[in-house]
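A closer look at the structure
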Protein chains: 2
Amino acid sequence: MKLLIERGILLSAIQNVQRSVSTKTTIPVLSGIKITATHEGLQMTATDLETGIETHIPTHIEDQEHVQIMEEGSIVLTARYLFEIVRKLPHSQVELEVKQNYLTIIRSGSSEFNLHGLHAEEFPRLPQVSGDQIFSTSSLVLKEMIRQTVPAVSTEEIRPVLTGVVASMQQGELRFVATDSHRLAQRNARVEASADLAFDNVIIPGKSLSELSRLLPDQDSLVDVVIADNQILFRFGQTKFYSRLIDGQYPDTSRIIPASFKTHVHVATKSLLDAVERAALIARDNDNNVVRLNIKADQFEISSNSADVGKVTENIAADDFSGEDLLIACNAKYLIDALRVIESDKILIEFTGAMSPFLIKLPDNPDYIHLILPIRIY
Amino acid sequence: MKLLIERGILLSAIQNVQRSVSTKTTIPVLSGIKITATHEGLQMTATDLETGIETHIPTHIEDQEHVQIMEEGSIVLTARYLFEIVRKLPHSQVELEVKQNYLTIIRSGSSEFNLHGLHAEEFPRLPQVSGDQIFSTSSLVLKEMIRQTVPAVSTEEIRPVLTGVVASMQQGELRFVATDSHRLAQRNARVEASADLAFDNVIIPGKSLSELSRLLPDQDSLVDVVIADNQILFRFGQTKFYSRLIDGQYPDTSRIIPASFKTHVHVATKSLLDAVERAALIARDNDNNVVRLNIKADQFEISSNSADVGKVTENIAADDFSGEDLLIACNAKYLIDALRVIESDKILIEFTGAMSPFLIKLPDNPDYIHLILPIRIY
C-alpha cells in the first residue's frame, strides 16, 4: 500500500471513525483503525463490536484530487498513535507506505514515522446490513430526536431493553421512546418512507445513538436508515454507522401516558429551567434530589431544602392556569433533562394529582412529550 | 450583616478567593469563605493554611457605588455553594443578610436562598506579614518568572525544598531557580527595590506560585512583595495573596551550571519544540521518555524509538554550529517544558559532551537559562 493524502482530510476521517475504536479491549486489532486503499480511494474502518464506523475518501471530489493511490493494499494501525501523529505532522501532505511485516511509514515534511501495523485480515468485518426496512430523514431532525430521548434512557443494566431507545414507524411517522421507569421521553417526526413501511420494537442502544449524534454533520443532510434483524445502519455522506440492536421486548409505554388531567399551566421554558437549576443546587444535597412545585391560580413556586445546607424558594410567572391547586415533588434532574432539550419558548404542564405522573408538552405541537413520576413527600 | 451588591462583582471576588479554599479538609470552616462587611466595604477571605487570599471590595470605586452596606457584620459560607448559587442568581443585584444562628439570606430577583453559615470567629486569621524586605515588580514579569521556573520544580516530597522555587535578590535583580535534580530553570529580572535589599534562600512552594499566577491580572500592574520569616505576601489591586515558605536550605545550584562548552548550535524554538513533541509521541512508550539529538555541522536530527510502537526521525534546520559532533539523549518532557515557556524565536543550545548537562539559552539575553541532564543510552 502506498498513497499520498492531504493531512486535514486524513485527520478528519480518523476523528470520525475513532469514535467506534475500542478503548477497553484485550483484542489488539480492535484498538486499531483499518485503512484500505483501492483505486477508488481510501476506506477507514473501526469497530468495538457494538458499533462500527466506515468512512470513504474518494480519490477525487469535484475534479479535485484528495488522495493519490500509488499502490493498493490495507493495514491496521493503532488509533491512538495514528490520530496523535497525524495531528502533529508538520506538512499538509502525508505519504503512507506499508512495507514488509506490516511496517508502515508515515512521511510528512522532514518527519518520518515507522509504525508497527497489524494484518488487516485480522480485523472483524462489519455486518452486511440489507433489507427492505429503509427510510430517510434529515440529519438535524435525527439529532434532535436523539437529544430529546436519550437522556431518559436507563443507565442500569438490570433491564437491558431500557438502556435503549425504542423506534417504531407507522404511516411515515417515526417515533422514538425512552424510559428508565421514572420518566419517559417520546418524540415523533415525519420521515421519507414508503407508505406501507411499518415496524416496532427496534431497540437501539442509547450509547450508540449518542455516538451517532456526535458523528452526524452540523449542516443539514439526508440520512438513510436501514434496519435488519439485529443491526441498524445509518448512511450519510461518505460515512456508514452501524449499531447492534438490543434483543428483547420493550414494554408497552402507551398505557403509562395519562389521557385526562386535573391541572393545566403554561410557563416560559427558560424561567422554569433556570429556577429548577437553582433549586437543584440545594436539592442535590437532600436525599432524592427533590424539588417541590407549589402551583395555584396566582403562583408557580419552586422550592427545595436540605437539612445541612439550607433552602431555596422562588416564584415564576405562569399563564392560563386551570384546574385544581397542587403541591407536587419530583427529581430536579428529571425536570432539568426534560426542559433543556426543548427549543420552544413556552411549555404546557399537565398534572393529574400529587401522586400521578405529570406531562410536559409543547403548546401547539404533539411531537414531543416528557412524562415524569412524582416523589411522595408526605 | 446586611448589604446590597452587584452580582458580577460578588462573583469575581468569590472566584478569586476560592483558589485558596481547602478542598480536602476535616475542618468545616476551611471549606468556607469569610465575608466581612464594614462601612468601608466588603472583605472576602479564604485559606487552606498553606496559602491565603484576601480581597476587598470598596463601597465606591470612582464615585460609582459597588456595595451598599446596611449593617456591618461577618459570616462564613461554604465556598462551593456560595459560588454556584451566586453564579446562577437571576438578577444583577444581590442582597445578603445574616439573621439569627448564622442563617444567611441571599435574595436576587424572586429567588431567595437560606443558607446555614458558620461563626466568623472560628475562621483562622491570616498572618500579619510585615518586614523591611519589600520590593515591587510588574505582574506580567512575575507571571513569566513563575511560568519559566515552576515546571522544573520537583513533585516528590522526599526533599521538600525542591518542591519550591528559590528566590534571591542582589542589587535590584530578583532571581528564581527551580530544580528537580534532573533539570534546572533559572530566571532573573530587574525589580523595583532599594539598592541595599539582599536576600537568598526564600523557598516559595511551586503550587503557591501556580495559584498566584492564575490570580494575577492579565493586564500589567504593580505587585508589592513582602518577605517575612516564614511567610511571603503578594499585594496587587485590592487583593492580598499569602503563602507559607518552605523551611530548609536550598542546595547551591550555581556550581551545577557548566562554564565552558564544546558544542554550540542555534535553532528555531518552534521547529525544535514541534519536532520534540512529535518524537515524544513515540518516546512516551519507551522506558524513560527518551528522545535523541544527533547534531553535526550539517544536521540536527531528533529521533525516538519504542520496541512496541515503532520509531520516528526528523531533521530541523540549525545555524551557527561550532564545536564537536554529538549524539545525546534526554527526557522529551524536560525539553518540551523548557521550550514551551520561551518567547524568543531562536535559542542557543550549548553542550559539554554526551554525559554532561546541556544548556538552553536565549541568544542575546542572559535572564533565562534551562539546564537538562542527559540520559545514558549506550
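Residues numbered from 1 in each chain as written. Chains lettered and ligands numbered in written order. Predicted model: local features only at pLDDT ≥ 70, side-chain atom pairs only at ≥ 80, totals over all residues. Heavy atoms only, no water.

Here we take up the overall build of chain A. In terms of helices and strands, chain A carries six helices and 28 strands. Taking the principal axes of its C-alpha atoms as reference, chain A extends roughly 80 × 55 × 40 Å. The buried share among the 378 residues of chain A stands at 54%. In chain A, once contacts between residues fewer than 6 apart in sequence are set aside, the share between residues at least 24 apart is 67%. Here chain A displays about 17400 Å² of accessible surface, and carbon together with sulfur accounts for 45% of that area. (Helix = DSSP H or I, 4+ residues; strand = E, 2+ residues; numbered from the N terminus. Buried < 20%, exposed > 50% of the residue type's maximum accessible area, 1.4 Å probe, protein only. Contact = heavy atoms within 4.5 Å. Areas by Shrake-Rupley, 256 points an atom, 1.4 Å probe, with all protein chains shown as cover.)

All right, on to the interface of chain A and chain B then. Listed by partner, the interface residues are 30 residues for chain A and 30 residues for chain B. Both faces combined, the contact of chain A with chain B buries some 2700 Å², and carbon together with sulfur accounts for 51% of it. In this structure, the connection of chain A to chain B is made through four salt bridges. Glu84 of chain B is the salt-bridge partner of Arg284 of chain A, the closest N and O atoms lying 3.1 Å from each other. Run the count over chain A and chain B and you get 18 residue pairs in polar contact (both at pLDDT 80 or more). Elements that contribute at least two residues to the side of chain A that touches chain B include exactly helix 2 (79-88), strand 11 (111-116), helix 5 (269-283) and strand 23 (310-315) of chain A. Residue composition of the side of chain A that touches chain B, by class: eleven nonpolar, eight polar and eleven charged. (Buried area = accessible area lost by both parts, 1.4 Å probe. Salt bridge = Lys/Arg side-chain N within 4 Å of Asp/Glu carboxyl O. Polar contact = N/O pair within 3.5 Å; in protein donor to acceptor, adjacent residues only side chain to side chain. Nonpolar A, V, L, I, M, F, W, Y, C, P; charged D, E, K, R; others polar.)

Residues and elements named next belong to chain A. One can read the domain layout of chain A as domain 1 (2-122), domain 2 (133-244) and domain 3 (263-372). For domain 2 and domain 3, the distance between their C-alpha centres works out to 28 Å. Across the boundary between the two partners, domain 2 contributes 13 residues, which contact 13 residues of domain 3. For the pairing of domain 2 and domain 3, the buried interface totals around 1200 Å² over both sides, and the portion due to carbon and sulfur atoms is 47%. Looking only at domain 2, the three residues that lose the most surface to domain 3 are Arg147, Gln148 and Arg183, adding up to 43% of its buried area. There are two salt bridges connecting domain 2 and domain 3. Close ionic contact of Arg147 with Glu343 constitutes a salt bridge, the shortest N to O distance being 2.4 Å. Mapped by element, the contributors of at least two residues to the side of domain 2 that touches domain 3 are helix 3 (139-149) and strand 15 (183-190). Residues of the side of domain 2 that touches domain 3, tallied by class, amount to four nonpolar, four polar and five charged. (Domains from an automatic or database assignment.)

UniProt records the feature "domain: DNA polymerase III beta sliding clamp N-terminal" (unreviewed entry) at residues 1-127 of chain A, using the numbering of this structure. The distance from the first to the last C-alpha atom of residues 1-127 of chain A is 25 Å, and the span holds 17% helix and 47% strand. (UniProt positions renumbered as here; feature names shortened; annotations may be inferred.)

All names here are of chain B. A positive phi angle, close to 75°, is found at Ser181, a residue other than glycine. Within the secondary structure, Ser181 is located in the loop between strand 14 (173-179) and strand 15 (183-190). In this model, Asn201 sits at a positive phi of 60°, which is unusual for a non-glycine residue. By secondary structure assignment, the location of Asn201 is in strand 16 (residues 199-205). Given the relative accessible area of 23%, Asn201 is considered partly exposed.

Our next topic: the packing of helix 5 of chain A against helix 2 (residues 79-88) of chain B. For the pair helix 5 of chain A and helix 2 of chain B, interaxial distance at closest approach is 10 Å and the crossing angle is 170°. Here helix 5 of chain A lies roughly antiparallel to helix 2 of chain B, going by the angle between them. Contacts from Glu277, Arg278, Leu281 and Ile282 of chain A of helix 5 of chain A reach helix 2 of chain B at Tyr81, Glu84, Ile85 and Lys88 of chain B. Tallied by class, residues from the contact of helix 5 of chain A with helix 2 of chain B come to four nonpolar, no polar and four charged. (Axes fitted to C-alpha atoms, helices over the stretch in contact; angles between N-to-C directions. Parallel < 35°, antiparallel > 145°, perpendicular 65-115°, else oblique.)

Among the nine residues that make up helix 6 (residues 332-340) of chain A, seven are buried, leaving the element largely enclosed by the rest of the structure. Measuring from the side-chain oxygen of the N-cap residue of helix 6 of chain A to the backbone nitrogen of Lys333 of chain A gives 2.9 Å; that N-cap residue is Asn331 of chain A.

So, about the pattern of salt bridges. According to the stated counting rule, one finds 48 salt bridges over all chains in the structure shown. Residue Arg255 of chain B pairs with Asp252 of chain B through a salt bridge whose shortest N-O separation is 3.4 Å. Through salt bridges with shared partners, one network takes in Glu95, Glu97, Lys99, Arg107 and Glu112 of chain A.

What follows is about the sheet that holds strand 11 of chain A. Sheet strands pair by backbone hydrogen bonding; their relative direction is either parallel or antiparallel. Spatial strand order, 7(A)-1(A)-9(A)-10(A)-11(A)-23(B)-22(B)-21(B)-25(B): nine strands in an open sheet with antiparallel pairing. Sheet topology places strand 7 (67-71) of chain A together with strand 25 (326-331) of chain B at the edges, where each strand pairs with a single neighbour. Ignoring which end each strand starts from, the neighbouring axes of this sheet average 15° apart. Of the pairings in the sheet, the one linking strand 1 (residues 2-6) of chain A to strand 9 (residues 93-98) of chain A comprises five bridges and is antiparallel in character. What sits directly across from Leu4 of chain A, in strand 9 of chain A, is Glu95 of chain A. Against the sheet, helix 6 (residues 332-340) of chain B touches strand 21 (290-296) and strand 25 of chain B, its axis set at about 85° to strand 25 of chain B. (Pairing = 2+ DSSP bridges.)

Right, let's get into the pairing of strand 21 of chain B. Residue and element names in this part refer to chain B. In terms of burial, strand 21 is largely enclosed, as five of its seven residues are buried. Relative to strand 22 (residues 299-306), strand 21 runs antiparallel, the two being bridged by five bridges. Bridged to Ile295 within strand 22 is Phe300.

Another point: the packing of aromatic side chains. Under the counting rule described, the total for this entry stands at six aromatic pairs over all chains. Considering the side-chain rings of Phe234 of chain B and Phe241 of chain B, the 6.3 Å spacing of their centres and the 55° angle between planes classify their relative orientation as tilted. When sorted by exposure, Phe234 of chain B lands in the same class as Phe241 of chain B, which is buried. On the basis of an interplanar angle of 35° and a centroid distance of 5.1 Å, the ring pair of Phe351 of chain B and Phe358 of chain B is categorised as tilted. Phe358 of chain B gets classed as buried once you look at its relative accessible area, which sits at 0%. It is Arg80 of chain A that lies over the ring of Tyr81 of chain A; its NZ or CZ is 4.8 Å from the centre. (Phe/Tyr/Trp six-rings, centres within 6.5 Å; stacked < 30°, edge-to-face > 60°. Lys NZ or Arg CZ within 6 Å of the ring centre and 35° of its normal.)

It is worth spelling out the UniProt feature "domain: DNA polymerase III beta sliding clamp central" (unreviewed entry) in chain A at this point. UniProt tags residues 141-252 of chain A as "domain: DNA polymerase III beta sliding clamp central" (unreviewed entry). What you have in residues 141-252 of chain A is 17% helix and 42% strand, and the ends, taken at the C-alpha atoms, are 25 Å apart.

This paragraph deals with the sheet that holds strand 3 (residues 41-47) of chain B. Residues and elements named next belong to chain B. On the basis of which strands lie adjacent, the open sheet formed by eight strands has the order 8-2-3-4-19-18-17-12 and antiparallel pairing. The open sheet is flanked by strand 8 (73-78) and strand 12 (133-138), the only strands paired with a single partner. This sheet shows a mean twist of 15° between the axes of neighbouring strands, independent of strand direction. Sheet topology places strand 3 next to strand 4 (residues 51-58); seven bridges connect them, and they run antiparallel. By the bridge assignment, Thr45 is partnered in strand 4 with Glu54.

Here the focus is the side chain of Ser243 of chain A. Residues and elements named next belong to chain A. As for its position among the elements, Ser243 is in strand 19 (residues 239-244). The class for Ser243 is buried, based on a relative accessible area of 0%. Dropping the residues within four chain positions of it, Ser243 is found in contact with Glu50, Thr51, Ile204, Pro205, Ser208, Asn230, Gln231 and Ile232.

This part takes up the relation of the copies chain A and chain B. Once chain A is rotated about the relating axis by 180° and shifted along it by 0.0 Å, it coincides with chain B to within an RMSD of 0.0 Å. The superposition of one copy onto the other is thereby described by a two-fold rotation axis. Interface overlap between copies: 100% of the residues of chain A at the interface are likewise at the interface in chain B, consistent with a symmetric, same-surface contact. (Least-squares fit on C-alpha atoms with pLDDT ≥ 70 in both.)

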